[in-house]
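A structural walkthrough
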Amino acid sequence: MEAAISVASLTELHFGVLVASDDDERARRTDRLAAVEAAFDPLPITAEVARAWGRLAAAVTRRGGNPRRRQIDLAIAATAVVEKVPLLTRDLADLLIVDDLLDVRRL
């Protein structure tokens, strides 16, 4: 598989556009979103992804974390697990609690 994006990642990008604090930032974010949407056909959240997501959320809970505050990150991680691809992120700390359960790499 070449580079791909989870539909959950698109959710984060859309949210970023909607909450931008000023017009210049909103325009920059809109341009980035448009480029991403043009370049990728997003990977869906399927029943298999949902099962992996549940397993990752349970692991976070068992390890003393709060899965609710990282649901989008876990959806993205579950997509990577199901697709058997590395998850590329700018913030490794978001998934540190379950980094032994998937291949997480710095973008």
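Rules and cut-offs
Residues numbered from 1 in each chain as written. Predicted model: local features only at pLDDT ≥ 70, side-chain atom pairs only at ≥ 80, totals over all residues. Heavy atoms only, no water. Salt bridge = Lys/Arg side-chain N within 4 Å of Asp/Glu carboxyl O. Helix = DSSP H or I, 4+ residues; strand = E, 2+ residues; numbered from the N terminus. Buried < 20%, exposed > 50% of the residue type's maximum accessible area, 1.4 Å probe, protein only. Axes fitted to C-alpha atoms, helices over the stretch in contact; angles between N-to-C directions. Contact = heavy atoms within 4.5 Å. Nonpolar A, V, L, I, M, F, W, Y, C, P; charged D, E, K, R; others polar. Parallel < 35°, antiparallel > 145°, perpendicular 65-115°, else oblique. Left-handed = near helix turned anticlockwise from the far one by under 90°.

Considering the pattern of salt bridges
Side-chain pairs of opposite charge can arise where the charged atoms are in close proximity. Applying the stated rule across the entire model yields five salt bridges. For glutamate 25, the salt bridge identified is with arginine 28, shortest N-O distance 2.4 Å. Here glutamate 25 and its partner arginine 28 are both found in helix α2 (residues 23–39), three residues apart, which amounts to about one turn of the helix. Between arginine 29 and glutamate 25 there is a salt bridge, with the nearest N and O atoms lying 2.7 Å from each other. Placement of the pair is arginine 29 and glutamate 25 together in helix α2, with a separation of four residues, close to one helical turn. By relative accessible area, arginine 29 is classed as partly exposed at 23%. Residue glutamate 25 is classed as buried on the basis of its relative accessible area, which comes to 18%.

Details of unusual backbone geometry
Non-glycine residue lysine 84 carries a positive phi angle of around 60°. Within the secondary structure, lysine 84 is located in the loop between α4 (71–83) and β1 (87–89). Assessed through its relative accessible area of 71%, lysine 84 is described here as exposed.

Concerning the packing of helix α1 (residues 7–18) against α4
Direction vectors running N to C along α1 and α4 enclose 145°, while the axes themselves pass 8 Å from each other. Residues Ala8, Ser9, Thr11 and Glu12 of α1 pack against Ile72, Asp73, Ala75 and Ile76 of α4. Residue composition of the contact of α1 with α4, by class: four nonpolar, two polar and two charged.

Regarding the packing of α1 against α2
Where α1 meets α2, the closest approach of the two axes is 8 Å, and the angle between their N-to-C directions is 155°. As judged from the angle between their axes, α1 and α2 are roughly antiparallel. Crossing of α1 over α2 shows left-handed handedness. The residues of α2 that touch α1, namely those facing Leu10, Leu13, His14, Gly16 and Val17, are Arg26, Arg29, Thr30, Arg32, Leu33, Val36 and Glu37. Along the lines of polarity and charge, the residues of the contact of α1 with α2 split into five nonpolar, three polar and four charged.

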